[in-house]
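# Architecture at a glance
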Amino acid sequence: MRKRERKIVNAQITGVGKYIPEKILDNKYFEKIVDTSDEWIRTRTGIRERHVLEEGGTSTLATRAVENLMEQTGLKPEEIEVIIVATVSPDMFFPATACLVQDNIGAKNAWGFDLSGACSGFLFALQTGANLIESGQYKKVVVVGADKMSSIVDYTDRTTCVIFGDGGAAVLLEPTEDLEYGVQDSILHCDGSGKEALHMLGGGSLNPASHETVDKKMHYIYQDGQKVFKVAVKGMADVSVEIMKRNNLKSEDIAYLVPHQANLRIIDATARRMGISKDQVIINIDKYGNTTAATIPLCLADYYEEKKIQRGDKLVLSAFGAGFTWGAIYLTWSID
Ligand code: COA
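### Some points on the sheet that holds strand E12 (residues 314-321)
Read from one edge to the other, the open sheet built from 4 strands follows the order E8-E13-E12-E11, with strand pairing classed as mixed. Of all the strands in the sheet, just strand E8 (182-190) and strand E11 (256-259) have a single pairing partner and so form its edges. With direction set aside, neighbouring strand axes in the sheet form an average angle of 15°. Relative to E12, E11 runs parallel, the two being bridged by 4 bridges. In the strand pairing of E12, Tyr256 is matched with Leu315. Across the face of the sheet, helix H11 (residues 295-305) comes into contact with E11 and E12 while running at roughly 135° to E11.

### Here's the deal with the domain arrangement of the protein
Bring the parts together and some accessible area is lost; that lost area is often taken as the interface size. Splitting the protein by domain gives domain 1 (10-176) and domain 2 (182-332). On the domain 1 side of the interface with domain 2, the three residues burying the most area are Lys18, Cys119 and Leu123, jointly 17% of the side's total. Our count for the domain 1 to domain 2 interface comes out at 3 salt bridges. Notably, a salt bridge pairs Asp154 with Lys217, separated by 3.2 Å at the nearest N-O pair. Taken together, domain 1 and domain 2 are joined by 19 residue pairs in polar contact (both at pLDDT 80 or more).

### Description of the nonpolar core
Note on soluble globular proteins: their nonpolar side chains tend to be buried together. Formed by 40 residues in total, the largest nonpolar core has its most connected members in Phe30, Ile221, Leu257, Met274 and Val316. Every element with two or more residues in this core is listed here: helix H8 (225-246), helix H9 (264-274), E12 and strand E13 (325-332). Counting the residues that make up this core, at least three belong to each of domain 1 (10-176) and domain 2 (182-332). The contacts of Met274, once residues within four sequence positions are left out, are Ser240, Val241, Met244, Ser251, Ile254, Leu257 and Val316.

### Comments concerning the side chain of Asn263
Looking at the element boundaries, Asn263 is found in the loop between E11 and H9. For Asn263, a relative accessible area of 8% translates into the label buried. A distance of 2.9 Å separates the side chain of Asn263 from the backbone oxygen of Arg44, its partner in a polar contact. Setting aside residues no more than four positions away along its own chain, Asn263 makes contact with Arg44, Thr45, Phe229 and Ile285.

### Here we look at the pattern of salt bridges
Overall, the coordinates contain 15 salt bridges when judged by the stated rule. Across the pair Lys287 and Asp302 runs a salt bridge, and its minimum N-O distance is 3.1 Å. Residue Lys287 is located in helix H10 (residues 285-288), and its partner Asp302 is located in helix H11; the two are separated by 15 residues in the primary sequence. Within the structure, one salt-bridge network assembled from shared partners comprises Lys18, Lys287, Asp302 and Glu305.

### Considerations on the site of the ligand
Surveying the vicinity of the ligand reveals 25 residues, the closest of which are Thr36, Arg44, Arg158, Gln226 and Asn263. At 2.8 Å, a side-chain N or O of Arg44 approaches an oxygen atom of the ligand. Gln226 places a polar side-chain atom, nitrogen or oxygen, 2.6 Å from an oxygen atom of the ligand. Counting only elements with at least two residues in the shell around the ligand, the list comes to helix H2 (38-45), helix H6 (158-161), H8, H9 and E12. It is H8 that contributes the most residues to the shell around the ligand, 5 residues altogether. The class makeup of the residues in the shell around the ligand is 11 nonpolar, 10 polar and 4 charged. A domain-level breakdown of the shell around the ligand finds at least three residues from each of domain 1 (10-176) and domain 2 (182-332).

The rules behind these values
- Residues numbered from 1 in each chain as written.
- Predicted model: local features only at pLDDT ≥ 70, side-chain atom pairs only at ≥ 80, totals over all residues.
- Heavy atoms only, no water.
- Pairing = 2+ DSSP bridges.
- Helix = DSSP H or I, 4+ residues; strand = E, 2+ residues; numbered from the N terminus.
- Axes fitted to C-alpha atoms, helices over the stretch in contact; angles between N-to-C directions.
- Contact = heavy atoms within 4.5 Å.
- Domains from an automatic or database assignment.
- Buried area = accessible area lost by both parts, 1.4 Å probe.
- Salt bridge = Lys/Arg side-chain N within 4 Å of Asp/Glu carboxyl O.
- Polar contact = N/O pair within 3.5 Å; in protein donor to acceptor, adjacent residues only side chain to side chain.
- Core = buried A, V, L, I, M, F, W, Y, C linked by side-chain atoms within 4.5 Å.
- Buried < 20%, exposed > 50% of the residue type's maximum accessible area, 1.4 Å probe, protein only.
- Near = heavy atom within 4 Å.
- Nonpolar A, V, L, I, M, F, W, Y, C, P; charged D, E, K, R; others polar.

See below:
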């Protein structure tokens, strides 16, 4: 029997990778297909363009992100012990997207599973992966956030189609005995009474796919934007301030807020409540739109690539999404 080491360790992020599909849909494209304008989209959401995957499913995005992670870190597929894929757009109900990634990359010693937490999915998966590392049983856990939102967006609905994009990003979690580094704290929530405001009703066991579910457009995202906006602003800001207080973090201690990228106005409101300045907020919603589970790891991957995050930086990751789900994770960055 494999023995657990009982040393106290933190889970630290030791690598990041990403994949953004090539095809870009800019705001002008949406002016041609729905009644909208570049100006409305930019000022109401902060989005300029988003990318869409033409061939393949979410496992393609996830696989390429993990391949990029392996290229950057030298991680070998057979070293990976666990793969967790946060997504709301799995290739299929089963097998899990994590199994498809495992097979694509040849991670022959890994087990894995998908985690459905919508826009908070990456935070839920990161906390789960961190707990696996902290248990002492695992030393190399890959956590992926990936969504092919274009597969569940109704491109005749202007209230949702302009918002979402496709993308994937991944982090490698490993233990550290230096408890100054890695995941320090998390506050996570869900409240299923929010189900009326943001959902996709069709295709599950309650409403299996039928001509009727297709006719009623039940296989697309439905969102009551204003309702979600109000709870998202409060939920994300409250939980971000709470994690600061609980860890005695002052605004100047935080290198970056790494927020879910749903709407620039929600991000600005959260930053204001935290008392941090604009240059302490990671933003890439302008380039990718809302990629659901991928937004937060994409932020980490972009800023790491641009050498804007340094070892020792204190980060607050914060999200709000369907469910409702929301939460924040406080971590100290370990990569040079
Ligand atoms: N182009 C032009 N007009 C649009 C539009 C578009 N793409 N989408 C909606 N509108 C219109 C509405 O029909 C409405 O028109 P009306 O006043 O004539 O009825 C008007 O713009 C205002 O709509 P509203 O829904 O109040 O806009 P908003 O400022 O709330 O922005 C969202 C809409 C979706 C961008 C915003 O509500 C939002 O970001 N919600 C939260 C998203 C979120 O956090 N989701 C959780 C994670 S996925």
